[in-house]
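Breakdown of the fold
Here is how the chains run, residue by residue.
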Amino acid sequence: MAAAEAFLADIENRFRAYRALAESAIEQTDDAAFFAALGGEANSTALLVKHLAGNFRSRWTDFLTADGDKPDRHRDTEFVLTDDDTRDALMTRWAESWQLLADTFAVLTPDDLTRTVTIRSEPHTVTDALLRALAHTAYHVGQIVLLAKHHAGENWKSLSIPRGQSEQFAAAHQQRFA
C-alpha cells in the first residue's frame, strides 16, 4: 500500500476509534449527567455532541468543493441548548454527522491529499485539513470522556487500561502482536 493510501486509511481508522471512545463514554452517562456542566463556562456532554455534530456537518459536507465553514453554520448556537436539543435528537445529529465523514472518506483518493480546501476562507491542503479535524475531534472526545468519568464516579468502566493492570495489558498485547 502506498503511503498516501495508508495515511487515508490510518486517519479514517483514528476517527472511528475516537467515535467509539466517545460513544462508549456517553453510554455510561445518564441523562442528567449528559446535560450537566461542571461550571458556568464549561460545556456539558450534550453541548460537545452538538458542537461536534455541527462542526462535522459543516466540514464534511462538500469537503473538497466548498468552504469548511458553511454560511448556514452558526457556531455560537452549537453551545446553547434549546428545547429541541433532547438527548435523542443530539445523538441523531451526531450519527448523521459521522456519516458525512464516512461518505467523505469513501470518495477521497490519494491524489486528493495535495489539493487545497478552505476553512473560513483559509487555504489548507487536504492532509492538513484532515489532521486539523482529527485533532479537534480528539480534543473534544477527551472532554466527553472526562465528563463521563467524572459523573460516573465509582461506577466508571475503564475505556482503556484499567488502573493497576498495565503490566497484564502489556503482556497480553505483546503476545497478540508477537
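Below, the structure is looked at part by part. These numbers were taken from a predicted model, which means no experiment stands behind them.

1. Overview of the packing of aromatic side chains
Overall, the coordinates contain nine aromatic pairs when judged by the stated rule. Grouped by ring-pair contacts, the aromatic residues Phe15, Phe56, Trp60, Phe63, Trp94, Trp98 and Phe105 constitute a single cluster. For the cation-ring pair, Arg87 lies above Phe34, with the distance from its terminal atom to the ring centre recorded as 4.6 Å.

2. Concerning empty space enclosed by the protein
In this approach the atoms are scanned with a rolling probe the size of a water molecule, which exposes any empty space left behind. Counted under the stated rule, the structure contains one cavity of 30 Å³ or more. Of the voids in this model, the largest cavity is the one considered here, and its volume is about 40 Å³. What lines the largest cavity is simply Arg59, Trp60, Phe63, Gly68, Val117, Thr118, Ile119, Ala129 and Ala133. Contributions of two or more residues to the lining of the largest cavity are made by helix H3 (45-60), strand E1 (116-119) and helix H5 (126-152). Broken down by element, the residue count for the lining of the largest cavity peaks at three residues, all from E1.

3. Here we look at the environment of Phe79
With respect to the helices and strands, the residue Phe79 is situated in the loop between H3 and helix H4 (87-107). Under the relative-accessibility criterion, Phe79 is labelled partly exposed at 24%. Contact partners of Phe79, with chain neighbours within four places excluded, come to Asn43, Leu47 and His51.

4. Some points on the pattern of salt bridges
Summed over all chains, the structure comprises eleven salt bridges. For Lys50, the salt bridge goes to Asp85, with nearest N and O atoms at 2.6 Å. Residue Lys50 is found in helix H3, and its partner Asp85 is found in the loop between H3 and H4; the two are separated by 35 residues along the sequence. Here the two residues Lys50 and Asp85 agree in accessibility, since each one is buried. Across the pair Glu78 and Arg73 runs a salt bridge whose closest N-O atoms are separated by 2.7 Å. The same class applies to Glu78 and to Arg73, which are both buried. Each of Arg59, Asp69, Arg73, Glu78 and Arg120 takes part in salt bridges that share partners, so that together they form one network.

5. Examining the pairing of E1
Of the two faces of E1, only one is covered, namely that formed by Val117 and Ile119; the face formed by Thr116 and Thr118 stays uncovered. Where E1 hands over to strand E2 (residues 122-125), the hairpin turn is made up of two residues, of which Arg120 adopts a positive phi near 55 degrees.

6. Section: the layout of surface pockets
Taken as a whole, the largest pocket spans an internal volume of roughly 230 Å³. Around the largest pocket, the lining is made up of 13 residues, and of these Ala53, Gly54, Arg57, Glu78 and Arg93 lie nearest the centre. Counting residues per element, the ones that place at least two in the lining of the largest pocket are H3 and H4. Tallied by class, residues from the lining of the largest pocket come to two nonpolar, four polar and seven charged. There is about 180 Å³ of room inside the second largest pocket. Lining of the second largest pocket is provided by Leu21, Val145, Lys149, Trp156, Ser158, Leu159, Ser160, Ile161, Pro162 and Arg163. Here the lining of the second largest pocket is built from residues that sort into six nonpolar, two polar and two charged.

Reading guide: rules and limits
- Residues numbered from 1 in each chain as written.
- Predicted model: local features only at pLDDT ≥ 70, side-chain atom pairs only at ≥ 80, totals over all residues.
- Heavy atoms only, no water.
- Phe/Tyr/Trp six-rings, centres within 6.5 Å; stacked < 30°, edge-to-face > 60°.
- Lys NZ or Arg CZ within 6 Å of the ring centre and 35° of its normal.
- 1 Å grid on protein atoms, 1.4 Å probe; cavity = no way out; pocket = protein on both sides within 12 Å on 5 of 7 lines; lining within 4 Å.
- Points joined across faces, edges and corners; volume = space filled by probe spheres on them.
- Helix = DSSP H or I, 4+ residues; strand = E, 2+ residues; numbered from the N terminus.
- Buried < 20%, exposed > 50% of the residue type's maximum accessible area, 1.4 Å probe, protein only.
- Contact = heavy atoms within 4.5 Å.
- Salt bridge = Lys/Arg side-chain N within 4 Å of Asp/Glu carboxyl O.
- Pairing = 2+ DSSP bridges.
- Nonpolar A, V, L, I, M, F, W, Y, C, P; charged D, E, K, R; others polar.

Nothing here speaks to function; it is all geometry.
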